[in-house]
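Summary of structural features
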Amino acid sequence: MHPTRLTAALAALALTASLAGTLAGTANAAAGPSQPVPPGHGRSLALAAADKAADSGLDGLRHGTDEELVRTAVTPWAGGLYYAAYQRTYKGLPVAGGDAVVVSDSAGKVREVAAAPAPAIRLSTKATVGSAAALATARAQLAGVESASTPELTVLLKGNKPVLAWHTLVVGRTAKGLPSSLDTYVDARTGKVTQATDKILHADGRGYHNGNVTIDTAATSMTDPNRSGFRCGGQNGSAYTGSPPWGNGSANDLVTACVDIMYAAQRESDMLKQWFGYNGQNGQGGMVPARAGLSEVNAYYDGTKTTYGRNQNGTMQLTGIDVVAHEYGHEIFDRTPGSSGSSNENGGMNESTGDIFGALTEHFANNPNDTPDYTVGEKLNFLGDNKPIRYMYNPSLAGDPNCYPQLNSGTEVHAAAGPQNHWFYLLAEGSSPGGGKPASPVCSGGPSSVTGIGIQKAGKIFMGALLMKTSSWNHLAARKATLASAKNTYGSAECNAVKTAWNAVGVPAQSGETDCGGTTTPDFSLALNPASGSVQPGASATSTVNTSTTGGSAQTVQLSASGAPGGVTVSFSPSSVTSGNSSTMTVQVAAGTANGTYPITVTGTGSATHTVTYQLSVGTTTPPTGCADTEYTYEGSLTSGQAEAQPDGSYYYSATSGTHVGCLRGPAGTDFDLYLQKWNGSGWVDVAVGGTASADEDITYKGTAGYYRYLVHAYSGSGAYTLGLSAP
């Protein structure tokens, strides 16, 4: 048995929107009366819609025959929305780039799709350079290595071209003694470093004491009992031990420094949960550990920890609220979809994200020892002039660009934080906020003035946008994502405020961005079920083209197909549908058609145009037989690593107790697994597993009344399968 072999995509397969009879929608099963919907299934409907969009290759989610989009994270959001993040894989290897996010709702509708561009991937996955040699090359970049992760064979999309590479994170010190955390890709054929990005953005901060505060620690160590992974100690990585009250309140006592660190990081965690409904800095209720006592004028995040040093004069530790929240803001940026990018613009937006979360945490904590503001390092005296190192309301006061058109590829990352910092201040406070808050200039060509919506709303819109981040994140993508986040989370007024703030810093409008008007722009989405099929020459296959209305009123969608090889014709019945309805696509393969795998693009045209991809395999496999004794029969086709729910992507309802029988017959020479799952009121749980290392599985299970479904998983190998089942 293989109870742990389910991939993230398989484990997360969810309910579909359609309900069926006693057994759903098979040609071999008589339709019964519709059954009640399981309670609490809005999340499942949302994720089913997102998974179907990814599987169907909706718009920017297009992927080739040997590629998959595997769901890696799900974040619930306001208004019943869910952000589902996907990583691209190629022949089972992770792909760095080409990642995507799908936003869907509890009604099973796709709201937004954000995808990093990805070329068609075609390359050998055989490495000629071993992992040990690649690791040695990666380690050689640093003069001293503290740690290095085990290299993972990866397909790196570099300059829109795929490169087979070994991926590792090397943490240590450069030849100049600077801390470094190099996210490294070593070419698996040449053995040379093809890309290395330093995760450490050397953000200096200010050190001061927060006064007598309450922090969460264990009884005898500075380890947080409520936030996984978080502890604070010295440079050896161990948490300080002792008992409360912690620290002595002096400027350079390192236990006192850890009090400041834990206070700020915990307030940031609380702010994320209470203001945004987001579960901590890493999205899973925890954060990386912290180290105090660095004997340098520096503070940084390296992907594994945060580290804090001292100020220029050595009179205090750099552990103020905005500094600590800034460093953990880098973790938020790193742990949201798309992670950290390699360009200066992306790095600047990462820096700005730290500044934004520093300001948000100061406002949430509202500590009298550090009144909330929109400056960075204002008490550090970094330059000996008692001035901040960055001004969010007017970045030019520190010599940084206020406006997006001022950026170029060589702009230093801290300076490149300017435009987004400026945008956030304008969104939160406006150009002339009054009440003692500083005025903020508007860039040339922008509106005459900007009215703020408040920092809490601005922060939630920004956090929602980060959940749509991909590896190609830049200011143009941020504009689109924040507009969508504002409209989905609040409405037209806040969306228009976001648009005005971006206009005020010179980030131009983008094709396809959210319409902020009081009326919703008509739109629709497409999905295929199934998204692939195997057909012998002279035969045909069918797939259901599902449409849904995602904006405005229902509209007519005209269906067409392109990319079919010679001998293959594609037809739709009906050829056009009103969004919310479906059509049957028939793929007819003529005798003599060459064997092979062919992607067919299905296009829906209405007020907008959307595409999905059907993967056709000709002459490769036929569904096996051997389940003739079961009551109902289903057929499907899977590529290695894929999974799908049966019956017909849905589930069935058993009104009485009795025996459930499942019979799976997979392609010869493969390893297919079968899972019987039951709905427990909030999710699907395995009740029986057929997980031998073979193509065929048989399950018999005695169960009570309830909702059931089967999952067929292609653990290794691809091809057509037959599933037979009987139910009480």
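First, a word on what this report is: a plain description of the structure on this page. Here the structure is a predicted model, which is why all the values come from computation and not from measurement. (Residues numbered from 1 in each chain as written. Predicted model: local features only at pLDDT ≥ 70, side-chain atom pairs only at ≥ 80, totals over all residues. Heavy atoms only, no water.)

Structural notes on the nonpolar core
In summary, soluble globular proteins display a tendency toward joint burial of nonpolar side chains. Counting residues in hydrophobic clusters, the biggest one holds 59 residues, and the most contacted among them are Phe-276, Phe-357, Leu-360, Trp-423, Phe-424 and Met-463. Take this core: its biggest share by element is 7 residues, from helix H8 (residues 455-466). Not counting chain neighbours up to four residues away, the residues in contact with Met-463 comprise Trp-77, Leu-272, Phe-276, Tyr-278, Ile-332, Thr-336 and Phe-357. With 37 residues, the next largest nonpolar core counts Val-102, Tyr-614, Leu-616 and Val-618 among its residues. (Core = buried A, V, L, I, M, F, W, Y, C linked by side-chain atoms within 4.5 Å. Buried < 20%, exposed > 50% of the residue type's maximum accessible area, 1.4 Å probe, protein only. Helix = DSSP H or I, 4+ residues; strand = E, 2+ residues; numbered from the N terminus. Contact = heavy atoms within 4.5 Å.)

A few points about the packing of aromatic side chains
Tallying each qualifying case throughout the model produces 19 aromatic pairs. Between Trp-275 and Phe-276, the ring centres sit 6.4 Å apart and the planes meet at 55 degrees, which makes this aromatic pair tilted. When sorted by exposure, Trp-275 lands in the same class as Phe-276, which is buried. Clustering of aromatic rings is evident, with ring pairs tying together Phe-357, Trp-423, Phe-424, Phe-462 and Trp-502. Here Lys-457 stacks its cationic end above the ring of Tyr-490, 5.2 Å away from the centre of that ring. (Phe/Tyr/Trp six-rings, centres within 6.5 Å; stacked < 30°, edge-to-face > 60°. Lys NZ or Arg CZ within 6 Å of the ring centre and 35° of its normal.)

Topic: unusual backbone geometry
Cis peptide bonds are those with omega within 30 degrees of zero, and the linkage from Pro-244 to Pro-245 qualifies with 0 degrees. For Pro-245, the location among the structural elements is in the loop between strand E11 (232-233) and helix H4 (254-276). With omega at 10 degrees, the peptide bond leading from Gln-646 into Pro-647 counts as cis. Looking at the secondary structure, you find Pro-647 in the loop between strand E27 (643-646) and strand E28 (652-654). If you check the backbone angles, Lys-91 has positive phi at about 50 degrees while not being a glycine. Turning to its location among the elements, Lys-91 is positioned in the loop between strand E2 (81-90) and strand E3 (93-96). Classification of Lys-91 as partly exposed rests on a relative accessible area of 46%.

Regarding the pattern of salt bridges
In total, this model carries 19 salt bridges according to the counting rule given. A salt bridge links Asp-105 to Arg-111, with the shortest nitrogen-to-oxygen separation between them at 3.0 Å. Residue Arg-111 is classed as partly exposed on the basis of its relative accessible area of 32%. Where Arg-335 meets Glu-331, a salt bridge forms, and the shortest distance between an N and an O atom there is 3.8 Å. One end of the pair, Arg-335, and the other, Glu-331, are both in helix H5 (residues 321-335), 4 residues apart, so they sit about a helical turn from each other. On the basis of relative accessibility, which here comes to 39%, the residue Arg-335 falls in the partly exposed class. Residue classification places Glu-331 among the buried residues on the basis of a relative accessible area of 1%. Each of the salt bridges in this network shares a partner with another, and the network as a whole consists of Asp-216, Asp-224, Arg-227, Arg-267 and Asp-270. (Salt bridge = Lys/Arg side-chain N within 4 Å of Asp/Glu carboxyl O.)

Brief notes about H5
Along its 15 residues, H5 runs 21 Å from first to last C-alpha, staying within 8% of the 21 Å computed at 1.5 Å per residue. Counting buried residues along H5, 14 of its 15 residues qualify, which places the element largely inside the surrounding structure. (Expected span 1.5 Å × (residues − 1).)

Brief notes about the pairing of strand E33 (residues 706-716)
The side chains of a regular strand alternate, first on one face of the sheet and then on the other. Here E33 lies mainly inside the structure; 9 of its 11 residues are buried. Alignment of E27 against E33, held across 4 bridges, turns out to be antiparallel. In the strand pairing of E33, Ala-645 is matched with Leu-711. Of the strand pairs in this sheet, E28 and E33 are connected by 3 bridges, and their pairing is antiparallel. For Ser-654, the partnering residue across the bridge sits in E33 and is Gly-706. Relative to E33, strand E30 (residues 671-679) runs antiparallel, the two sharing 8 bridges. Its bridge partner lying in E33, Leu-674 is registered against Val-712. (Pairing = 2+ DSSP bridges.)

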